[in-house]
Amino acid sequence: MNPFPASPLSRRAMLQRSAAGFGHLALASLLAQQTQGASAPLSPLAAKLPHHAARAKRVIFLFMKGGPSAVDTFDPKPLLDRDHGKAYPFAQPRVKFAETGKLLKSPWKFKQYGQSGLPVSELFPHVAQCADELCVIRSLHGTNPAHGGALLKLHTGSDVQVRPSMGSWITYGLGTENDNLPAFITICPTLAHGGVNNWGAAFLPAWCQGTPIGNAAVPSDQAMVKHIRNTKLSTGLQRQQLDLLAQMNHEHLELTGPNQALEGRINSFELAFRMQMAMPDAQDVDNETEVTKKLYGMDNPVTSNFGRQCLMARRFIERGVRFVQVTHSDSEVQWDQHGNLYKGHSKNAAEVDKPIAGLLKDLRSRGLLQDTLVIWGGEFGRTPTAQGTDGRDHNPEGFTMWLAGGGVKAGSTYGATDDYGYFAQENKVHIHDFHATILALMGMDHEKLTYRYAGRDFRLTDVFGHVVKEVFA
């Protein structure tokens, strides 16, 4: 063999010929680990160290699509009750989704619960029993009064550009603790108002993308990852195919250099193969005890659908999935009561109240709540003024979300809206602040969690964001 070839050597060829071939042996070993699906150091989804000590290891995001009303759920307003039917006494936002009329009191009563005395409305009798677990933030505010923009703002930090979702950023920063399941799963997500962009990876690596299980139009007992079963080929034959494909792709990469799209595809093939066994097992709630199923409301047709979603979320996070989103939505945009507030919010709360309380209790009993951050809320709130005679319009100016577990201050409230619940007024928390706080609880500095794309460094919080340390335990 000519030791001085006329054409340049590829990296593979150089390793074969140098140091008696020992470099090539090392490379072959590493590639073999990857193609065999082992948890190799080369895996981009391997668990990563956080920037600082983390209070939470994983997230369950309970997303109430449409915008629950804060003044009817977790933010009581006595003056709203007193001044029902009067004009709102302050200036309203310059940009509104629609015109509204007089003040509309809440049709539900509030009571204080637990040792904390946290006020919760009649809509959530079961969640109220978990009041001492909740950290209620009453001063959220965003920038967009329309569902599409507000959903994107909450999920990605931007309402005007395609950006990576919160779950994708957390996956990018921390990886996963289970090589056989995705790091980011979204259960029955909505396909409207941003659709896949709400769980997409945008310009982050493909392995950061959320994996949907069904969608909002599919009952949770029928929701599956598409093509999870291969009825035509045996497992052994699939493994041989993937090994050959991986070998060909890696040889191509050795010649052409790094290719993010191809590398992402290689990893997705391997994960999909491993998921064929792991995903059906994780979704199978039939082997749960009847007591557990009843805890989540699966014995009641009103609560069974969302209860199954919440139970699946618990099964995923205990198997090492980093971020799980559970969406409550339907063809009527669920919590979007522009009219008939009493009927709509009553129906919605009845569907989710017991499953959410069951999830919190189950996480607590299994020792998972202390390092699992549970998030509850929608893309915005509702106005304290009436739309028509018995509805409320969109309100991004001041709304409520709550956190539980994951190192937050349990049985507490933070921030406040004005006396009628229209504007965030005290200790205001912008969506960027909310994202920065979630990342901090997960052990990540939102200013350091960046990704260079198109000549600049991007982050979930753009160039804003303040960590609300006051909600930390």
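Residues numbered from 1 in each chain as written. Predicted model: local features only at pLDDT ≥ 70, side-chain atom pairs only at ≥ 80, totals over all residues. Heavy atoms only, no water.

Draft legend 1. Main features of the packing of helix α7 (residues 235–256) against helix α8 (residues 260–283). Put simply, α7 and α8 touch, their axes get as near as 10 Å, and they point 165° apart. When the interaxial angle is binned, α7 and α8 end up roughly antiparallel. Where α7 crosses over α8, the two elements pack in a sense that is left-handed. Along its contact with α7, which presents T235, Q238, R239, L242, L245, N249, H250, H252 and L253, the element α8 presents L262, E263, I266, F269, E270, F273 and Q276. A breakdown of the residues in the contact of α7 with α8 according to their chemical character gives seven nonpolar, six polar and three charged. (Axes fitted to C-alpha atoms, helices over the stretch in contact; angles between N-to-C directions. Helix = DSSP H or I, 4+ residues; strand = E, 2+ residues; numbered from the N terminus. Parallel < 35°, antiparallel > 145°, perpendicular 65-115°, else oblique. Left-handed = near helix turned anticlockwise from the far one by under 90°. Contact = heavy atoms within 4.5 Å. Nonpolar A, V, L, I, M, F, W, Y, C, P; charged D, E, K, R; others polar.)

Draft legend 2. Region of the structure containing the pattern of salt bridges. The full count for this structure, using the stated rule, is 23 salt bridges. Between R314 and D362 there is a salt bridge; the shortest N-O distance is 3.0 Å. Note that R314 is positioned in helix α10 (residues 304–317) and D362 in helix α11 (residues 341–365), a separation of 48 residues in sequence. Across this residue pair, the class does not change: R314 and D362 are buried. With its nearest N and O atoms 3.0 Å apart, the salt bridge here joins D336 to R382. One end of the pair, D336, is in the loop between β7 (323–328) and α11; the other, R382, is in strand β9 (residues 381–387), with 46 residues separating them in the sequence. Residue D336 shares its accessibility class with R382, and that shared class is buried. What you see here is one network of salt bridges that share partners, running through D281, E288, R314, R315, E318, R319, D362 and R366. (Salt bridge = Lys/Arg side-chain N within 4 Å of Asp/Glu carboxyl O. Buried < 20%, exposed > 50% of the residue type's maximum accessible area, 1.4 Å probe, protein only.)

Draft legend 3. Layout of the side chain of Q337. With respect to the element layout, Q337 can be found in the loop between β7 and α11. Under the relative-accessibility criterion, Q337 is labelled buried at 9%. Not counting residues within four places of it along the chain, the set of residues in contact with Q337 comprises G344, H345, N348, R382, G391 and R392.

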